[in-house]
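These are the residues of each chain, in order.
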Amino acid sequence: MNPPAPDPQHEARHEARAFVNPAAEAPARPYAAHGARSLTQTGFDAALAEISSWPGYAPTPLLPLPGLARQLGLGQLLYKDEGGRFGLGSFKALGGAYAVANVLRHAVMAARGLARVGSRDLLSGAYADVVGRATVTCATDGNHGRSVAWGAQLFGCRCVIFVHQHVSQGRRDAIARYGAEVREVRGNYDDAVRHAAATAAAEGWSVVSDTSYPGYRDIPLDVMHGYGVMAAEVAQQLAGSPPPTHVFAQAGVGALAAAVCASFWLHWGERRPRFVVVEPIAADCVYRSLQAGRPAVVEGALDTVMAGLACGEVSDLAWEVLHGGTNVAVAVADAYALQAMRVLAAPVAGDRPVVAGETGGVGLAALLAAQQHPALRQALALDAHSRVLLLGSEGDTDPVIYRQVVGRSAAEVLA
Ligand SMILES: Cc1ncc(COP(=O)(O)O)c(C=O)c1O
């Protein structure tokens, strides 16, 4: 965490800005009074009940990092480490696979005239004939597609995943390992989303997207309720302790951030943490939408090392929560995301090492940026009493890139 030499080129690489959301709801405003009605406690509870019944389920750790907290001038720093989630390397395992299960459960209920089918019934193989006729598909930056492919393999249907040109070979291979067919689409993530939708319509496949758009909400809503498992675990892990004062959530299309925001709002009410959304400078669609007061599109290549956040359009469902649920939006340069990976891998005294991929440590990237940009720290209202929760959304989901950035493999970091 050495401060950079003050030369203009370096300054540009260490760009960071914050926007304090004037439309943020007052703490006392209940979730029910806010306009977002789609994400519900019932939906979160149903997802937790299903997902926690899957083989291999275990809550991911909530790691205290007291040494780093001291160094950053904070009271407490907690890191929810999703690197081990179902062996897939990211929180995304929760959402896509849960939505696949629901698509297949509904297909079986319709085909057999049943009132209820659970994911355990699918796993039993009793409906393999119905499930085997289904194909699920989506566009992905890597992690969501991996989750959909894993869900398809777990429950026994076919899967085709669309990736854009910038998705690394490592991430494509990881999807293919779950038996999915991987197809490349020219353009960026949003082009791949449109291509997946058009192909599915022509072929009669089910799109399992993590982003919603007009007329397409039910499946992304399942995805988001699945992500809520992460927030429910945090609430459980902090039972008996005061809630964090701040949560830093990284945003691509905003589904993760919105799910966590809604879940904490429902759980902690007016004691809920200040909610901070963090994005890459090159793909800051939530930031710009909050500035504009309505969804705004970021065009272009959306070129950033934060692969999971290279999205130019906020999801409709996410926007419904985030426009009033976000207190501060932060946009950071890639340099901070890379620095965050290295800082977590080489911990200060008293902390344990943490493996975070390019998109996983982005909350810390914002904290590191706040060290160098006093205006950012002020906008975030951070001080020595702050109890900060970071969503460590992925481990080394691309081990080759991880080693290039950190200089060691995940196993070496943890040894
Ligand atoms: C590791 C990781 N973290 C965060 C995100 C952002 O999630 P969302 O697109 O729901 O905002 C993604 C998206 O792919 C991701 O892969």
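Residues numbered from 1 in each chain as written. Predicted model: local features only at pLDDT ≥ 70, side-chain atom pairs only at ≥ 80, totals over all residues. Heavy atoms only, no water.

Further remarks concern the packing of helix α14 (residues 334-345) against helix α17 (residues 399-406). Following both chains from N to C, one finds α14 and α17 inclined at 80°, their axes separated by 9 Å at the closest point. Taken together, the axis directions place α14 and α17 in an arrangement best described as roughly perpendicular. The segment α14 lies against α17, with L338, M341, R342 and A345 engaging Y402, V405 and V406. (Axes fitted to C-alpha atoms, helices over the stretch in contact; angles between N-to-C directions. Helix = DSSP H or I, 4+ residues; strand = E, 2+ residues; numbered from the N terminus. Parallel < 35°, antiparallel > 145°, perpendicular 65-115°, else oblique. Contact = heavy atoms within 4.5 Å.)

Glancing now at the pairing of strand β6 (residues 181-185). Here strand β5 (residues 158-164) pairs with β6 via 5 bridges, running parallel. In the strand pairing of β6, V160 is matched with E181. (Pairing = 2+ DSSP bridges.)

With that settled, consider the packing of aromatic side chains. For any two aromatic rings, the description comes down to two numbers: the centre-to-centre distance and the angle of the planes. This structure, assessed with the given rule, holds 10 aromatic pairs. For the ring pair F19 and Y287, a centre distance of 6.1 Å and an interplane angle of 45° mean the geometry is tilted. Residue F19 is located in strand β1 (residues 16-20), and its partner Y287 is located in helix α12 (residues 285-292); the two are separated by 268 residues in the primary sequence. Both rings, one in Y213 and one in Y216, keep their centres 4.9 Å apart while their planes meet at 20°; by these two values the pair is stacked. By relative accessible area, Y213 is classed as partly exposed at 27%. Members of the aromatic cluster, connected to one another through ring pairs, are W54, Y57, F86, W150 and F155. (Phe/Tyr/Trp six-rings, centres within 6.5 Å; stacked < 30°, edge-to-face > 60°. Buried < 20%, exposed > 50% of the residue type's maximum accessible area, 1.4 Å probe, protein only.)

This next bit is on the layout of surface pockets. The computed volume of the largest pocket comes to approximately 250 Å³. T211, S212, Y213, E313 and V314 are, among the 16 residues lining the largest pocket, the residues nearest its centre. Forming the boundary of the second largest pocket are 15 residues, of which H164, H166, V167, T304 and A307 lie nearest the centre. A breakdown of the residues in the lining of the second largest pocket according to their chemical character gives 7 nonpolar, 4 polar and 4 charged. (1 Å grid on protein atoms, 1.4 Å probe; cavity = no way out; pocket = protein on both sides within 12 Å on 5 of 7 lines; lining within 4 Å. Points joined across faces, edges and corners; volume = space filled by probe spheres on them. Nonpolar A, V, L, I, M, F, W, Y, C, P; charged D, E, K, R; others polar.)

Split by domain assignment, the protein chain resolves into domain 1 (8-90 + 220-414) and domain 2 (92-217). One C-alpha centre belongs to domain 1, the other to domain 2, and the line joining them spans 25 Å. Along the contact surface separating domain 1 from domain 2 lie 4 salt bridges. Of the charged contacts in the structure, one is a salt bridge between E50 and R116, with a shortest N-O distance of 3.2 Å. Joining domain 1 to domain 2, the criterion identifies 22 residue pairs in polar contact (both at pLDDT 80 or more). The set of elements that each furnish at least two residues to the side of domain 1 that touches domain 2 consists of α2 (41-51), α10 (218-237) and α13 (316-325). Sort the elements by how many residues they give to the side of domain 1 that touches domain 2 and α10 lands first, with 9 residues. (Domains from an automatic or database assignment. Salt bridge = Lys/Arg side-chain N within 4 Å of Asp/Glu carboxyl O. Polar contact = N/O pair within 3.5 Å; in protein donor to acceptor, adjacent residues only side chain to side chain.)

This part is about the sheet that holds β5. Hydrogen bonds between backbone atoms are what pair the strands of a sheet, whose relative direction is either parallel or antiparallel. Pairing within the open sheet is parallel, and its 4 strands lie in the order β6-β5-β4-β7. One side of each edge strand has no neighbouring strand; the edge strands of this open sheet are β6 and β7 (206-207). Lying on the sheet, helix α7 (residues 143-155) is in contact with β4 (135-140) and β5; it crosses β4 at an angle near 165°.

Counting across every chain of the model gives 18 salt bridges. The partner of K92 in a salt bridge is D210, with the nearest N and O atoms 2.8 Å apart. Highlighted residues: K92 in helix α4 (residues 92-112) and D210 in the loop between β7 and α10, separated in sequence by 118 residues. Since its relative accessible area comes to 13%, K92 is described here as buried. Residue classification places D210 among the buried positions, given a relative accessible area of 5%.

Let us now look at empty space enclosed by the protein. Inspection of every chain in the model, using the stated rule, returns 3 cavities of 30 Å³ or more. Volume-wise, the largest cavity comes out at about 270 Å³. As for the largest cavity, its lining consists of 25 residues, and the residues nearest its centre are F91, K92, D210, G308 and L309. For the lining of the largest cavity, the residue count by class is 10 nonpolar, 11 polar and 4 charged. Two domains each put at least three residues into the lining of the largest cavity: domain 1 (8-90 + 220-414) and domain 2 (92-217). Its boundaries defined by the atoms lining it, the second largest cavity holds a volume of some 60 Å³. Every residue lining the second largest cavity is listed: L65, L68, V343, L344, A346, P347, V348, D351 and R352. Among the residues making up the lining of the second largest cavity, the classes are represented as 7 nonpolar, no polar and 2 charged.

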